[in-house]
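Below are the chains, spelled out letter by letter.
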Amino acid sequence: MPHNPAEIWHKVALSRDATAISAVLHDDCVFESPVVHSPQVGKAITAKYLAAAGHTLGNAEFAYVGEWHRENSAILEFQTVIDGIAINGIDMISCDDDGLITHFKVMVRPLKAMNMLHQKMGEMLQRMSA
């Protein structure tokens, strides 16, 4: 049965709760970051990155501003401002017929925002691991 990954993701987006995020991820989920060279494979690492993103991006300015859908896939455009830097990006999400997210790719612009996010996400991941 087809699913809408946007609906699945919106239930836990920005929750900052790795357990809640894990519940919507396939065991072999693939996460692609705009700053990490190779895809990250597995539910645990994907949940960790997505929870860290919730902590890093999830401020009062954050909003999803557009959505495009196909069967079992969606693209969600987001925007926010951190430290005076406007951030614009997309989440490309796919799920399987059981409604579990199988692929999550993030793209961010402009370069200044991506560089700042790289630093802040690294710091957040370190804090979460401590």
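See the structure above.
Per chain, residue numbering runs from 1 following the sequence as it is written. Under the rules for a predicted model, residues below a pLDDT of 70 receive no local features and side-chain atom pairs below 80 are neither given nor counted, while totals for whole chains, interfaces and linings still include all residues. In computing side-chain values, all of the structure's heavy atoms are included and hydrogens and water are not.

Chemist: Where do I start with the sheet that holds strand S2 (residues 40-41) in this structure?
Modeler: Adjacent strands of a sheet form backbone hydrogen bonds with each other and so pair up, either parallel or antiparallel. What the six strands build is an open sheet, ordered S2-S1-S6-S5-S4-S3; its pairing is mixed. Each end of this open sheet is capped by a strand with a single partner; those strands are S2 and strand S3 (63-70). Strands in contact with helix H3 (residues 43-57) are strand S1 (25-32), S2, strand S4 (73-82), strand S5 (85-95) and strand S6 (101-109); relative to S1, the strand with the most contacts, it is inclined by about 55°. Docked against the sheet, helix H4 (residues 111-129) engages S4, S5 and S6, running at close to 75° with respect to S5. A pair of strands counts as paired when DSSP detects no fewer than two bridges linking them. Secondary structure elements are taken from DSSP: a helix is a run of H or I of four residues or more, a strand is a run of E of two residues or more, and numbering for both begins at the N terminus. In this description, contact between two residues means that some pair of their heavy atoms is separated by no more than 4.5 Å. Note on method: axes are straight lines fitted to C-alpha atoms, helices fitted across the in-contact stretch only, with angles between N-to-C directions ranging 0 to 180 degrees.

Chemist: Would you take a moment to explain the pattern of salt bridges for this structure?
Modeler: Opposite charge on two side chains allows them to pair when their charged atoms are near. Counted as salt bridges are all cases of a side-chain nitrogen of Lys or Arg within 4 Å of a carboxyl oxygen of Asp or Glu. In total, this model carries two salt bridges according to the counting rule given. Here Lys43 ties to Asp27 by a salt bridge, and the two come within 3.3 Å at their closest N and O atoms. Here Lys43, found in helix H3, pairs with Asp27, found in strand S1; they are 16 residues apart in sequence, far enough to count as distant. When the shortest N-O distance is used, the salt bridge between Asp83 and Lys120 registers 3.0 Å. Of this pair, Asp83 sits in the loop between S4 and S5 while Lys120 sits in helix H4, and the two are 37 residues apart along the sequence. Classification of Asp83 as exposed rests on a relative accessible area of 60%. Type-normalised accessible area, obtained with a 1.4 Å probe on protein chains alone, sets the label of each residue: buried when under 20%, exposed when over 50%, and partly exposed for intermediate values.

Chemist: Where do I start with H4 in this structure?
Modeler: Since one α-helical turn is 3.6 residues long, residues separated by three or four positions face the same way. The end-to-end C-alpha distance of H4 is 27 Å, a good match for the 27 Å that 19 residues give at a rise of 1.5 Å each. Those residues of H4 not exposed but buried are Ala113, Met114, Met116, Leu117, Met121, Met124 and Leu125. All buried residues of H4 lie within an arc of 165° about the axis, which places them on one face of the element. Along H4, exposed side chains directed more than 90 degrees from the buried face belong to Leu111, Lys112, Gln119 and Gln126. Those residues of H4 hidden inside the fold are in contact with H3, S4, S5 and S6. Expected helix span is computed as 1.5 Å times (number of residues minus one). This arc describes the spread of directions from the helix axis toward the C-beta atoms.

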